[in-house]
Each structure stands twice: as C-alpha cells, then as structure tokens.
Amino acid sequence: MTDLSRTAANLDLADPLAGFRDRFRLREGLIYLDGNSLGALPRATPGRMADAVAREWGEGLITSWLGAEWSTAPRRIGDKIARLLGARPGEVIVADSTSINIFKALTAALSLRPERSVILSEKTNFPTDVYMMQGIEAFSGGRVRSVTVAPDAVLDALDENVAVLLLTQVHYKSGLVRDMAEVTRRAQQAGALVVWDLSHSAGAIPVDLNGANADFAIGCGYKFLNGGPGAPAYLFAAARHHGAMPVLSGWFGHARPFDFDEDYAPAPGIERFLCGTPQVLGLTALECGVDLMLEADMAEVRRKSLRLGELFVEAMAPLCRDHGFALASPADADRRGSQVAYSHPQGYAMIQALKELDVVADFRAPDVLRFGLTPLYLRYADVVETVARLETVCRTRAWDKPAYRERAAVT
Ligand SMILES: *Cc1c(COP(=O)(O)O)cnc(C)c1O
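First, a word on scope: everything that follows refers to the structure included in this document. (Residues numbered from 1 in each chain as written. Predicted model: local features only at pLDDT ≥ 70, side-chain atom pairs only at ≥ 80, totals over all residues. Heavy atoms only, no water.)

**What about the overall build of the chain?**
Each helix and strand in the chain was counted, giving eleven helices and 15 strands. The C-alpha radius of gyration of the chain comes to 22 Å, within 12% of the 22 Å expected for a compact globule of 411 residues. Principal-axis analysis of the C-alpha atoms gives the chain an extent of 70 × 55 × 40 Å. Taking all 411 residues of the chain together, the buried fraction comes to 54%. Within the chain, residue pairs in contact and separated by at least 24 positions form 72% of the contacts whose partners lie at least 6 positions apart. Charged side chains of the chain number 44 positive and 50 negative; the gap between the two group centres comes to 3 Å. (Helix = DSSP H or I, 4+ residues; strand = E, 2+ residues; numbered from the N terminus. Rg over C-alpha atoms; globule rule 2.2 N^0.38 Å. Buried < 20%, exposed > 50% of the residue type's maximum accessible area, 1.4 Å probe, protein only. Contact = heavy atoms within 4.5 Å. Lys, Arg positive; Asp, Glu negative; His and termini not counted. Charge placed at Lys NZ, Arg CZ, Asp CG, Glu CD.)

Below you can see the structure in the form of structure tokens.
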C-alpha cells in the first residue's frame, strides 16, 4: 500500500459523509467523476418515479394537479433549493432549462435598466450563456448589445452602458470560483445588475445569494443536485426584483391562470417567472435529488470536496512531472469549486482510455481532462485509484489507439 492509499483509507474511515454513498445506485467497480455533468441516481428516485407515473398519473390523472400537488411543485422545490443558495422562501422557482432561465433573467434585468444597453460577460463563459446573450442582441433590433471580454477584464468593463453582467460563479472548465459578494458589489456600484450562473455551485459549494445582495441567479438541476438527465432548472430573483415584467409571459406565470383572462397579468411573486405547464416527471426526480442533498451539511460537503481535490493534486504530482500534465485549475484549493482539471495534448484519448478502465470523467475542448468531485458518493480511495489508473494509461500508452483519434459527438 502506498502512503497515499493509506492516507485515503484513513480519510474514508473518518468521513462523516461516507454513509451517503449507499443512498445512490452506483455500479460496483465504477469510479464516477462526472457528477458535475450528470449527477448519479439516488436510490429513492426509481421508486418515487414509478409511483408518480403509475399512481399519480395513471390513477389520479388530471386530479393530481391538486391531489398530488403537481401545480405547486415548482415553488415547493424552489423553496428547498433556496436553502442551498442562501435565498429566502419565495425567491426561487424551478422550471424550464438553464438556457431558458438565462433568457428570462437577462431580459428581466434589461427591463429594470431601460436606459442601458449592454449585456456583459466573459469570453470563456459556458457557451450557452454567451449564445443566449447573442440571441437577445439579434432579436432586439439594435437596442441591446452583447459584449464579452477576457475573464480578468470583467470588472474594468463595467461602465455606464452595462445593464447586466452575466457570470458563472464556478467556471465549468477550470473550476475557478469568483467572489460573488465582491463582484456583485462592484457591478451594482457601476449601476448594473448581476445574473449569477450557479450550475457548478449549487450542491457543490456553500452559496449565499442574499448575503452577497445578488439580483438574479440560475442553474442546473442535473449536476450536483442529482435531478436526472434534463432535470428542470431553477431561477432566483431577489424579492426586490419581483416587479420586473417577464418577457416569457406564459399562462403559468399569470396571477390567475385558471381565470383564463384575455390579458396577461403577472403573478405577484416568483411564480411570474414560470412560463408553461410544469415538467412534472422531471420535477419529481429532481425533488428526490434535492431532498437527499438537503440531508447533508454543506460545510461538511465543502470540507470533503477541498480535501478530495488536494489529494487529487498531490497524487497527480508525479504524472505532471513525468507525463506532461499541467494543472488547469487554480492551485489554491480555496479558489476551486468541486472539480480539478488538467490539460494534456492527448486529453481526449486519455479520457476514452480511462473509460475502458471503468473511470468516467470528461474532456473539454481543446485539451482539458475534467474530474468532478462529488463528496456525497466519491471516496478518497477513488481519487487515488483514478490517478493510479491514469498512470497505467500513460505508462502502457493505452490512449494511443486509432479509435480515440476521432471525437464523439458528446464529450
Ligand atoms: C451545464 C451548464 C449549463 C447548461 O444549460 P442547459 O440549458 O441545462 O443545457 C449552462 N450554464 C453553465 C455554466 C453550465 O455549466
């Protein structure tokens, strides 16, 4: 046993979160480091889904909108997610996808700054965030401009034209964590509003939206919240912004949807950010993941995530020296979210070779190997074992196969 595996074994024995692993269905032998892209399946989910389908839908049919509380699920689950985000009940709603919620939040922010025209972000933000900005610009007929700058030039680009700043708190590739309170303060000082993308934050690091005086936030349900593939996303709007007029003015955001009024009148609270009929089955699965996450102490989750990351970096040191890996995440653990990333010219082929050895991580263009650290179901021993298998891949040149030279459609 190496020193690192002994360290890992001791950490696992003393791990207060160790019991959570059994609450997920994970195949024996598999090391799953992609929970930041699609979270694992909670054991409670299949039974709950079967009940929602057979009893609530099959037997209850339309009466389940009230009887099974389908109609209030977006708000009920939003209130639960609010507890992970430092938000108050009534400030978070669950609906649609993250991309759609980016559109809702940006357009709401624009309507609150009618004299300003710029949506600002950073060039390396997650592509859909920037694409949504560009779509709004194209639709606006010249009223709105989408501007992206280098990641470290964001604060300097805040001028009197910026209506809203869109930033991701934990960068999807590098894992870099932005100082939400400081950036929000600087943006608001310049008269702008901020939309925070929390896709890699919720369930991964402690978040305090109201502590940071945040305006809007959005994020995914299928990553660290373990809500299942395509799970609905969430949207936070600070209570002071609930007067903003929704552009996606669908009937479910109406003050009284079942009056079937001829004219739109937004619901007074966060419900105005709903659009169409809630995705009930997706919400059902998401709630299982969120309920499980709420059982864990977020401070404990962060502590373990930091230690997993440090162990990973320590184990990788010889590979950086001998096999050409370079850390692509901040070296300082406090500045990393719940992932570590390395760059390597053969990154794509190596991720494929790791899959053959039952280690699932992902590749992000152009050369990044990304390892998601999910403290609820990852063991310290898994981290050490992952690096051992990666060393095998390098030593045996298992990555050097013709099949790994073509990139698959989904990485
Ligand atoms: C995963 C992710 C998304 C995904 O958006 P969808 O609409 O769910 O596809 C958006 N933004 C960031 C920062 C992400 O990491």
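**Description of the packing of aromatic side chains**
Counted under the stated rule, the structure contains 13 aromatic pairs. Centroid distance W251 to F252: 5.1 Å. Interplanar angle 85 degrees. Geometry classified as edge-to-face. Taking relative accessible area as the criterion, W251 reaches 35% and is therefore assigned partly exposed. Look at Y348 and F363: their rings are 5.5 Å apart centre to centre, the planes differ by 80 degrees, and that puts the pair in the edge-to-face class. Here the residue Y348 occupies a position in helix α10 (residues 347–356), and F363 occupies one in strand β14 (residues 362–364), the gap between them amounting to 15 residues. The class for Y348 is buried, based on a relative accessible area of 8%. Its relative accessible area of 2% is what places F363 among the buried residues. Site record: aromatic cluster; members linked through ring pairs are W65, W70, W251, F252, F258 and F260. (Phe/Tyr/Trp six-rings, centres within 6.5 Å; stacked < 30°, edge-to-face > 60°.)

**What to know about the layout of surface pockets**
Taken as a whole, the largest pocket encloses approximately 270 Å³ of empty space. S71, T72, F252, P257 and F258 are the residues nearest the centre of the largest pocket, which is lined by 15 residues in total. Breaking the lining of the largest pocket down by element, the ones donating at least two residues are α3 (64–67) and α4 (73–85). Here the lining of the largest pocket is composed, by residue class, of ten nonpolar, three polar and two charged. (1 Å grid on protein atoms, 1.4 Å probe; cavity = no way out; pocket = protein on both sides within 12 Å on 5 of 7 lines; lining within 4 Å. Points joined across faces, edges and corners; volume = space filled by probe spheres on them. Nonpolar A, V, L, I, M, F, W, Y, C, P; charged D, E, K, R; others polar.)

**Some thoughts on the site of the ligand**
S99, D197, H200, Y222 and K223 are the nearest of the 13 residues found near the ligand. T98 has a polar backbone atom sitting 3.4 Å from an oxygen atom of the ligand. Taking Y222, its side chain carries an N or O atom lying 2.7 Å from an oxygen atom of the ligand. Burial of the ligand by the protein amounts to 87% of the accessible area it has alone, namely 390 Å². Among the residues forming the shell around the ligand, the class breakdown is three nonpolar, seven polar and three charged. (Near = heavy atom within 4 Å. Polar contact = N/O pair within 3.5 Å; in protein donor to acceptor, adjacent residues only side chain to side chain. Areas by Shrake-Rupley, 256 points an atom, 1.4 Å probe, with all protein chains shown as cover.)

**Considerations on the environment of S343**
Along the chain, S343 turns up in strand β12 (residues 339–343). Classification of S343 by relative accessible area gives buried; the value is 18%. For the pair S343 and V393, spaced 50 residues apart in the sequence, the C-alpha separation amounts to 15 Å. Apart from the residues within four sequence positions on either side, S343 is in contact with G324, F325, A326, A328, D367, V368 and L369.

**Considering the pattern of salt bridges**
If you walk through the whole model with that rule in mind, you get 32 salt bridges. Across the pair E56 and R55 runs a salt bridge, and its minimum N-O distance is 3.6 Å. Note on R55: relative accessible area 42%, which makes it partly exposed. Taken together, the shared-partner salt bridges connect E69, R76, K80, E287 and D291 into one network. (Salt bridge = Lys/Arg side-chain N within 4 Å of Asp/Glu carboxyl O.)

**Points about the sheet that holds strand β10 (residues 234–237)**
With mixed pairing, the seven strands of this open sheet are ordered in space as β4-β10-β9-β8-β7-β5-β6. Only two strands of the sheet have a single partner each, and these edge strands are β4 (92–94) and β6 (145–149). Direction aside, the axes of adjacent strands within the sheet are offset by 20 degrees on average. Where strand β5 (residues 118–122) meets strand β7 (residues 162–168), three bridges bridge the pair, whose relative direction is parallel. Residue pairing in the sheet places V118 in a bridge with V162 of β7. Packing against the sheet, α4 makes contact with β4 and β10, and its axis sits at approximately 125 degrees to β4. The sheet contacts of helix α7 (residues 180–189) involve β7 and β8 (193–197), and relative to β8 the element is tilted by about 150 degrees. (Pairing = 2+ DSSP bridges. Axes fitted to C-alpha atoms, helices over the stretch in contact; angles between N-to-C directions.)

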